[in-house]
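What follows is the residue order along each chain.
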Amino acid sequence: MYILLALIGACALGIAVHFLIADRELRGVALAPAIATAVSAIAYTGLQWAGVGEDSIWLWLASVLGAAVVAALATMAVTGLRKRSDAESRAALGI
């Protein structure tokens, strides 16, 4: 059941990531929270299988804060790709 705490925390930080990174209109509102939640689930499960206990700070740092960092990096990458793609499309259309 502790995984739900990690997932909710990561999702909340993913929402914050969405609003902290510029050019929100270039990406969906659910992108950053979805990435953060998925990464949190993978990290938490992987660390549990590796034998890290629920009382370990590393489990929580990796599954909550690590997920937020990965979501921020992925969101910035997607936003950058979208900007370049839009610029290329405008150039191709002569706009």
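Residues numbered from 1 in each chain as written. Predicted model: local features only at pLDDT ≥ 70, side-chain atom pairs only at ≥ 80, totals over all residues. Heavy atoms only, no water.

**Q** Which residues make up the side chain of His-18, and what values go with them?
**A** With respect to the helices, strands and loops of the structure, His-18 is situated in helix H1 (residues 2–20). Overall, His-18 belongs to the buried group, its relative accessible area being 4%. What His-18 contacts, discounting residues up to four positions off in sequence, is Arg-24, Arg-27, Gly-28, Val-29 and Ala-32. (Helix = DSSP H or I, 4+ residues; strand = E, 2+ residues; numbered from the N terminus. Buried < 20%, exposed > 50% of the residue type's maximum accessible area, 1.4 Å probe, protein only. Contact = heavy atoms within 4.5 Å.)

**Q** A description of the environment of Gly-46 should follow, citing residues and the corresponding values.
**A** Here Gly-46 lies in helix H2 (residues 31–49). Residue classification places Gly-46 among the partly exposed residues on the basis of a relative accessible area of 35%. Considering only alpha carbons, one finds Gly-46 and Ser-63, 17 residues apart in sequence, at a separation of 9.7 Å.

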